[in-house]
Amino acid sequence: MPDRTIALIDVNNFYVSCERVFNPKLEGEPVVVLSNNDGCAVARSNEAKALGIKMGQPWFQFKDLTQKHEIIAYSSNYALYADMSNRVMSILATFSPDQEVYSIDECFLDLTSFHNLNLTCYGQNIRQRIKQWLGLPVCVGIGSTKTLAKLANYMAKKHPEFNGVCDLNGLSPQQQEKWLKKIGVEEIWGIGRRAAPKLHAMKIRTAWDLKHASLSTLRRAFSVVMEKIIREINGVPCIELEEIRPPKKQIVSSRSFGIKISDLASLEEAVSFYTSRAAKKLRRQQSCAGAVRVTLRTSPFQEKEAYYANGLTIPFSKPTDDIVLLTKAALWGLREIYRRGYKYQKAGVILSELVSADKLQHDLFSRASIDHKARKLNEVMDQINDRMGSGTIRLASQGIQQSWAMRQANKSRNYTTDWQELLVVN
Ligand SMILES: [Mg+2]
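A brief report on the enclosed structure follows. (Residues numbered from 1 in each chain as written. Predicted model: local features only at pLDDT ≥ 70, side-chain atom pairs only at ≥ 80, totals over all residues. Heavy atoms only, no water.)

### A word on the sheet that holds strand E8 (residues 165-167)
Working step 1: With respect to topology, five strands assemble into an open sheet ordered E5-E6-E1-E7-E8, the strand pairing being mixed. The two strands at the open ends of the sheet, each matched to only one other strand, are strand E5 (99-103) and E8. Strand-to-strand twist across the sheet, computed as the mean angle between neighbouring axes with direction ignored, equals 15°.
Working step 2: As paired strands, strand E1 (residues 6-11) and strand E7 (residues 138-143) are joined by six bridges and run antiparallel to one another. Each bridged residue has a counterpart across the sheet, and for Val11 the counterpart in E7 is Val138.
Working step 3: Relative to the sheet, helix H6 (residues 146-158) contacts E1, E5, strand E6 (106-110), E7 and E8, its axis offset from that of E7 by approximately 140°. (Pairing = 2+ DSSP bridges. Helix = DSSP H or I, 4+ residues; strand = E, 2+ residues; numbered from the N terminus. Axes fitted to C-alpha atoms, helices over the stretch in contact; angles between N-to-C directions. Contact = heavy atoms within 4.5 Å.)

Printed below as a string of structure tokens:
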């Protein structure tokens, strides 16, 4: 019996699957979800993958294919995906006392204390629960390290004979060998596109080859990270399960604009809007920011136009989570770095030097009554926006028309986060 048992649960084609929950007609059809501003494919259904659409492929490259095969393309609906992700993670949290949310659609669960259970059955329970409660398909990979759990998940996803759950520890040594010899070394977590060719040149082509490779040779040829990966494939845990949703060290809110903008007024609206989004995340994790940074740039790919990029960090004498103070500082910074005559493509707001709100110390100059008023104002704004839909109440500096907003020609509705956009059943 291994010392540890780790499961990795991952939603299949997450963004596409979220769209399918609310639009079952998409089942069995080739569907892609496009990145911000409808730039390139960030999620593909299996049917779209089969047509040869690559991850990250620019939309204009497969537009023709779209018409020929009736591929359905969605603009990304991050409000929907984030909300569905929260639901997935809170259901998964009930299956183990230790959870590490690894990305928007995957998490690790420590199942070490469940060794008396049939873990393949346990994995099937997880799959059924997520399918039944949320309508999303997931695969479960189980192994004695995080790297092996990732590998098992890959096997569960690629090979239908596992029926969505692969417990590596449940396979005989002969079966394990057979499978590891089938899996290319580039599929292993952490190997990356750069290391794979170098490994191939050293005649290390499969997961099996890597498992039996010389630790000292590979440490010298690569780094200690490679050594850790090899140890992990051999069942020796080197990568710890991290704390559940560690509070973020910085919060970034940055987007490309739907159109290039030159005027300061539109930029002010955008920066104000990004600040409010970042501030909301800040308050949700109960932190205060010690500094806000504003960034601004033109497109780096426009050869004929002059390039300009700049950023400015504004520190606070006392960390704050107050939207009014954060916005004032961000807008002040923007005006400092703004230069007339450029066509700007992107702006961003970064909150840093985060501290826990309850550990905050009052400084000599702060006035408790003002702080109290600001806190009340922020609380009420959050409450109204949570109930009535985000953006219902906002600072006037965010503007009304938001002509700079992202291009999202074919976005689905915010089914789960906005009362105005609930699913209508006829
Ligand atoms: Mg996934």
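This is not the end of the story, as more comes after the structure.
### Examining the sheet that holds strand E3 (residues 41-44)
Working step 1: Strand order in this open sheet of three strands is E3-E2-E4, and the pairing throughout is mixed. Edge strands, defined here as strands with exactly one partner in the open sheet, are E3 and strand E4 (72-75). For this sheet the average axis-to-axis angle between neighbouring strands, irrespective of direction, equals 30°.
Working step 2: Bridge count for strand E2 (residues 31-34) against E3 is three bridges, and the pairing is antiparallel.

### Quick word on the environment of Phe301
Working step 1: You can see Phe301 is positioned in the loop between strand E10 (287-298) and strand E11 (309-320).
Working step 2: Residues Phe301 and Gly56, 245 residues apart in the sequence, show an inter-C-alpha distance of 17 Å.

### A closer look at the coordination of the magnesium ion
Working step 1: Bound to the magnesium ion on the protein side are Asp10 (OD), Val11 (O) and Asp105 (OD), at distances that span 2.1 to 2.4 Å.
Working step 2: Positions of the donor residues of the magnesium ion, expressed as sequence spacing, correspond to D-V-x93-D.
Working step 3: Residue Val11 is classed as buried on the basis of its relative accessible area of 2%. (Donors = N, O, S within 2.8 Å, 3.2 Å for Na, K, Ca; no water. Buried < 20%, exposed > 50% of the residue type's maximum accessible area, 1.4 Å probe, protein only.)

### Some remarks on unusual backbone geometry
Working step 1: The backbone of Glu70 shows a phi angle near 55°, a positive value even though the residue is not glycine.
Working step 2: Along the polypeptide, Glu70 turns up in the loop between helix H3 (59-69) and E4.
Working step 3: Even without a glycine there, the phi angle at Asn163 is positive, about 55°.
Working step 4: As for its position among the elements, Asn163 is in the loop between H6 and E8.

### Here we look at the packing of aromatic side chains
Working step 1: Per the stated rule, a full pass over the model turns up 18 aromatic pairs.
Working step 2: Centroid distance Phe95 to Tyr122: 5.6 Å. Interplanar angle 80°. Geometry classified as edge-to-face. Highlighted residues: Phe95 in the loop between helix H4 (78-92) and E5 and Tyr122 in helix H5 (residues 119-134), separated in sequence by 27 residues.
Working step 3: Among the residues examined, Phe95 registers a relative accessible area of 6% and is labelled buried.
Working step 4: Assessed through its relative accessible area of 13%, Tyr122 is described here as buried.
Working step 5: Taking the centre distance of 6.1 Å and the plane angle of 55° together, the rings of Phe273 and Tyr274 count as tilted.
Working step 6: The structure contains a cluster of three or more aromatic residues connected by ring pairs, namely Phe14, Tyr15, Tyr78 and Tyr81. (Phe/Tyr/Trp six-rings, centres within 6.5 Å; stacked < 30°, edge-to-face > 60°.)

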